[in-house]
Amino acid sequence: MVFYRKDWARIIRALVGVARTRRVETSTERLAMLLIVATIPVGLTGLALERTFRTLFAKPLAAAVFLTLNGLILLAGERLRRRSERQATAAALPGGPGAALATDTRTAGAANRKLETLSHREAGVIGLFQTLALFAGISRSGITMVGGLLRGLDHEDAAKFSFLLATPVILAAGVLKLPSLAGPAGAHIHGQVIVGLCTAAVAAYVAVRFPSRWFTTRTLTPFAVYCLLAGAASAVHFA
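Residues numbered from 1 in each chain as written. Predicted model: local features only at pLDDT ≥ 70, side-chain atom pairs only at ≥ 80, totals over all residues. Heavy atoms only, no water.

*Asks:* Tell me about the side chain of Thr131, and name the residues and values.
*Replies:* Along the chain, Thr131 falls in helix H5 (residues 120–131). For Thr131, a relative accessible area of 13% puts it in the buried group. When residues no more than four places from it in sequence are discounted, the contact partners of Thr131 are Pro41, Val42 and Thr45. (Helix = DSSP H or I, 4+ residues; strand = E, 2+ residues; numbered from the N terminus. Buried < 20%, exposed > 50% of the residue type's maximum accessible area, 1.4 Å probe, protein only. Contact = heavy atoms within 4.5 Å.)

The structure is reproduced here in structure tokens:
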């Protein structure tokens, strides 16, 4: 929220404008509506199945397996993105078959699409990708970035949409769990919670700031390799 504070200020103003006029007119208002649509799948799934996911799959070996799978998904996303770019470039060549198709922003392979050109359906699909992050070991930002890349966003816009999309869900989860601190579960650990909160806040800021700059020119491949190596090593250790 701190890193994207200017974006969130514009998005909140846009939501107020949409609520008042009942119309979506600007690109920021459209982005705000896309974020709402994309948040619905994981919100509903989390409320209905969060405990199931946590009790069945939040085990070390399961997390290691899903971390390895996460690496494969990131690699597959990069490969499909490159193939789509090549197809879009070939189709756009003068006289090439499908040249008209290459200008259609609804085409998944269309290069350098802007966030606001996504349809509500496409935003919902990216939101469905985010539900996979309920499995321990699956990267929320990585999996939603892959969803964005497959819809033709570049790495920078896919990363931005991913981080913006994560904010409402993480905020809602925090608010949902906050009351437990006032009960027996939070007894005698408030100091530890505050230290953990501050540490997590700093780590989260760095974890958003670094990739946001990284993805202006680079890809998911190094993160995929890390997930594969760490996941495989952890699976061997916990097996």
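*Asks:* Go over the packing of aromatic side chains, please, and point to the residues and values.
*Replies:* Tallied over the entire structure, the rule returns nine aromatic pairs. Ring centres of Tyr4 and Phe163 lie 6.5 Å apart, and the angle between their planes is 35°; this geometry places the pair in the tilted category. Placement of Tyr4 in the segment before helix H1 (5–21) and of Phe163 in helix H7 (residues 155–177) is noted, with a sequence separation of 159 residues between them. Each of the two residues, Tyr4 as well as Phe163, counts as buried. Ring centres of Trp214 and Phe223 lie 5.9 Å apart, and the angle between their planes is 80°; this geometry places the pair in the edge-to-face category. A cation sits over an aromatic face here: Arg218 above Trp214, 4.8 Å from the ring centre. (Phe/Tyr/Trp six-rings, centres within 6.5 Å; stacked < 30°, edge-to-face > 60°. Lys NZ or Arg CZ within 6 Å of the ring centre and 35° of its normal.)

*Asks:* How would you explain the pattern of salt bridges if you had to name every residue and give the values?
*Replies:* Following the criterion strictly, the structure yields five salt bridges and no others. With a closest N to O distance of 3.1 Å, Asp7 and Arg10 form a salt bridge. With Asp7 and Arg10 both in helix H1 and three residues apart, the pair spans about one turn of that helix. Under the relative-accessibility criterion, Arg10 is labelled partly exposed at 38%. Between Glu25 and Arg23 there is a salt bridge, and its shortest N-O distance comes to 2.8 Å. The class for Glu25 is exposed, based on a relative accessible area of 55%. One network of salt bridges, in which partners are shared, links Asp7, Arg10 and Lys160. (Salt bridge = Lys/Arg side-chain N within 4 Å of Asp/Glu carboxyl O.)

*Asks:* Tell me what's going on with the nonpolar core, and back it up with residues and numbers.
*Replies:* Ile11, Leu31, Leu35, Phe161, Leu164 and Leu220 are the most contacted members of the largest nonpolar core, which has 32 residues in total. Of all the secondary-structure elements, those providing two or more residues to this core are H1, helix H2 (27–57), helix H3 (60–92), H5, helix H6 (140–150), H7, helix H8 (190–214) and helix H9 (221–238). Looking at which element gives the most residues to this core, the answer is H7, with six residues. Apart from residues lying up to four places away in sequence, Leu31 is in contact with Ile11, Leu115, Phe161 and Leu164. In terms of nonpolar packing, the next biggest core, distinct from the first, is built from six residues, Ala62, Phe66, Ile138 and Ile143 among them. (Core = buried A, V, L, I, M, F, W, Y, C linked by side-chain atoms within 4.5 Å.)

*Asks:* Tell me about a positive patch on the surface, and name the residues and values.
*Replies:* A surface patch of like charges, here positive, comprises Arg79, Arg82, Arg83 and Arg86. Along the chain, Arg79 turns up in helix H3. (Patch = residues over 30% accessible without salt bridge, like charges linked within 9 Å, V, L, I, M, F, W, Y side chains within 5 Å. Areas by Shrake-Rupley, 256 points an atom, 1.4 Å probe, with all protein chains shown as cover. Lys, Arg positive; Asp, Glu negative; His and termini not counted. Charge placed at Lys NZ, Arg CZ, Asp CG, Glu CD.)

*Asks:* How would you explain the confidence of the model for the protein if you had to name every residue and give the values?
*Replies:* Of the residues in the protein, 90% reach a pLDDT of 70 or more, and the chain-wide mean stands at 87. Looking over the protein, one finds the lowest element-wise mean pLDDT in helix H4 (residues 99–102), namely 48, and the highest in H9, namely 95. Scored below 50 in pLDDT, residues 99–109 shows 18 contacts in the model against residues more than four places distant or in partner chains. (pLDDT = per-residue confidence, 0-100.)

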